[in-house]
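Remarks on the overall topology
Letter by letter, the chains look like this.
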Amino acid sequence: MNRFPTPPTCAAIRAAFPAVCGDTVFLENAGGSQVPACVADAMHRTLRETYVQLGAGYGLSRRCTATVEAAHAFARTFVGARRGQAIIGPSTTALLNLLAACYAQVLEPGREIILAETGHEANLGCWKRLERLGLVIRWWRVDPRSFECPLDGLRTLLNERTALVALPHVSNLLGGVVDLPAVVALAHAAGARVVADGVAYAPHRAIDVDAWDVDWYVYSTYKVFGPHMAVLYGRDDALAELPGPNHDFIPRDDLPYQFEPGGANHEGCAGLLALGGYLAFLAGAPAGTACDRAVVEAAFGRATALEAEPTARLLAWLRARSGVRIIGPEAAGTARVGTVSFVHERKSSREITAAVDASGVAIRCGHMYAYHLCKALGIAVEDGVVRASLVHYNTVEEIDRLIGVLERVV
Ligand SMILES: Cc1ncc(COP(=O)(O)O)c(C=O)c1O
């Protein structure tokens, strides 16, 4: 039985986001999404009322400490963690750098790290830099026809020296959803751990680290209707293998603090926690419902359903346009999210994007830090792709406005 039979209307959803109520059509969500008013208000309130240090005995400190702890609990629920920790940090790039620095202390020279060529540089650069320590990088190549890194390719790379496999769950340029459980199963069979970048997946679908059995999973909260921070999930046994980077007098089992040097951003934690209220609203739960796993799943079920039509419409228009090449899966459906990239055979991506931007529709062009991927696909990195990226608050009318401008430009 559906616990939440009456989800909000599209108009009510849009009204929850002050920034999307203006004139600009915002289709740059893969860059960073907008926040609902409840998130902005919670951050504002924290800065005005409980902006004090954690762990002291006075009342304000106890309140602020409780907020930061509750934000960690929310993050665990959000990612579906039942046997691991949610580490909160400033960004995905920073958290993956931290993770790589921890692995640098325990991996022997000669161990191998497999990197998916479809990755964002945040999950590549930090591992590539370990080559200096004698670790060996193996590239998991992308097939330029399917835009996927094939599982067979991974099979041939895995061996007893493999320590890690780093990949994006969804590429922020291609939009296709990778079969993460299949990757995890292969990697685990070879004794390797998996570091999945969920940044481009998290705004669209419910994360379920426990079901996928993944070792490390990271996403940026500012792309999921929240403040500018990131969450790194680590499974208990993966965490236990690593020395955390915090001060040496902090006990090793003081988790996740051992992996949060300097602590988490307080007002950001308040904003992250408040997102639970928005997810309950999106799920159609009665006011005041706590954000549990059922709420997260129902909210993202609704988000996925809302994204389907606008995504399909944009892809259908692009497919029908001569001179346009979609970079990523061409068909809409569950195997892709609404992050849609393309190039044109005569017009540069810059030229197209400038014209679209000038019409009040916000999109983006470039290599999107998927630099290796662009090179592998033969796309000029200086110009890159045109990318329009939508989330659940975008409408078919907004996509039609984009299409109207593109009709004139390409
Ligand atoms: C797929 C993907 N991974 C990682 C990142 C880096 O995230 P952050 O800005 O939090 O470091 C981005 C940012 O755009 C991204 O799209």
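Residues numbered from 1 in each chain as written. Predicted model: local features only at pLDDT ≥ 70, side-chain atom pairs only at ≥ 80, totals over all residues.

1. Some words on the overall build of the chain
Let me state the cut-off plainly: Secondary structure follows DSSP: runs of H or I at least 4 residues long count as helices, runs of E at least 2 residues long count as strands, and numbering of each begins at the N terminus. Our radius of gyration is a C-alpha quantity, and the globule rule it is checked against amounts to 2.2 Å times the number of residues to the power 0.38. Three exposure classes are used, based on other C-beta atoms lying within 10 Å of a residue's own C-beta, which is placed from the backbone: buried for 20 or more, exposed for 12 or fewer, and partly exposed in between. A residue pair is marked as a contact if its C-beta atoms, positioned from the backbone, fall within 7 Å.
Along its length, the chain carries 14 helices and 13 strands. Relative to the 2.2 N^0.38 estimate, which gives 22 Å for 410 residues, the radius of gyration of the chain is 21 Å and therefore close to what a compact globule would have. Overall, the chain is about 65 × 55 × 40 Å in size when its C-alpha atoms are taken along their principal axes. Within the span of the chain, comprising 410 residues, buried residues form 49% of the whole. Put simply, 69% of the contacts in the chain that link residues at least 6 apart link residues at least 24 apart.

2. Digging into the packing of helix α12 (residues 349-358) against helix α14 (residues 396-409)
Put simply, the rule reads: Interaxial angles span 0 to 180 degrees and are taken between N-to-C directions of axes, which are lines fitted to C-alpha atoms, for helices over the stretch in contact. Oblique is the label for any angle not under 35 degrees, not over 145, and not in the 65 to 115 range, which are roughly parallel, roughly antiparallel and roughly perpendicular in turn. Handedness of a crossing follows from how the near helix is turned relative to the far one, being left-handed for an anticlockwise turn of less than a right angle and right-handed for a clockwise one.
Here α12 crosses α14 at 130°, and the two axes come no closer than 10 Å. With respect to α14, the element α12 is oriented oblique. The handedness of the crossing between α12 and α14 comes out as right-handed. Between α12 and α14, the contacting residues are I352, A355 and V356 on the first element and L402, V405, L406 and V409 on the second.

3. What to know about the site of the ligand
The criterion, for reference: In this entry, near means the residue's backbone-placed C-beta atom lies within 6 Å of the molecule or strand. Amino acids outside the nonpolar list (Ala, Val, Leu, Ile, Met, Phe, Trp, Tyr, Cys, Pro) and the charged list (Asp, Glu, Lys, Arg) are all regarded as polar, and Gly is one of them.
Taken together, S91, T92, T93, H120, A122, P168, N172, D197, V199, A200, S220 and A230 make up the full set of residues adjacent to the ligand. Along the lines of polarity and charge, the residues of the shell around the ligand split into five nonpolar, six polar and one charged.

4. Here's the deal with the sheet that holds strand β5 (residues 162-168)
Here is the rule: When DSSP locates at least two bridges between a pair of strands, those strands are taken to pair.
As summarised here, the arrangement of the seven strands in space is β2-β8-β7-β6-β5-β3-β4, forming an open sheet in which the pairing is mixed. Of all the strands in the sheet, the pair left with one neighbour each is β2 (84-89) and β4 (136-140). Each adjacent strand pair in this sheet contributes to an overall mean axis angle of 20°, direction not counted. Across three bridges, the pairing between strand β6 (residues 193-197) and strand β7 (residues 216-220) is parallel. Bridge pairing in β7 places A196 opposite Y217. Contacts between helix α3 (residues 59-79) and the sheet are confined to β2, β7 and β8 (230-235), with β2 contributing the most and set at about 120° to the helix.

5. Comments concerning the pairing of β6
Burial within β6 is extensive, with five of its five residues counted as buried. Side-chain alternation along β6 places R193, V195 and D197 on one buried face and V194 and A196 on a second face that is also buried. Here β5 pairs with β6 via five bridges, running parallel. Across the sheet, L167 pairs through a bridge with A196, a residue of β6.

6. Concerning the pairing of β5
Threshold: Seen with its strands pointing away from the viewer, a crossover is right-handed when the path leading from the first strand over the helix to the second is clockwise.
Along β5, seven of the seven residues are buried, which leaves the element largely enclosed by surrounding structure. When strand β3 (residues 112-116) meets β5, the two strands line up parallel, connected through four bridges. Across the sheet, the residue bridging to I113 is L164, located in β5. Crossover handedness for the path β5 to helix α7 (residues 180-189) to β6: right-handed.

7. Considering the domain arrangement of the chain
Using the following cut-off: Each domain's extent was defined by an automatic or database domain assignment.
By domain assignment, the chain separates into domain 1 (10-34 + 291-409) and domain 2 (44-274). At the interface, 34 residues of domain 1 touch 31 residues of domain 2. No other element matches the seven residues that helix α11 (residues 293-320) contributes to the side of domain 1 that touches domain 2.

8. Side note on the packing of helix α10 (residues 266-283) against α11
For the pair α10 and α11, the least separation of the axes is 8 Å and the interaxial angle reads 60°. The pairing of α10 with α11 is recorded here as oblique in orientation. In the crossing of α10 with α11, the sense of the turn from one axis to the other is left-handed. For the pair α10 and α11, contact is made by L279, A280, L282 and A283 and by V295, V296, A298, A299, R302 and A303, respectively. Of the residues in the contact of α10 with α11, the class split is nine nonpolar, no polar and one charged.

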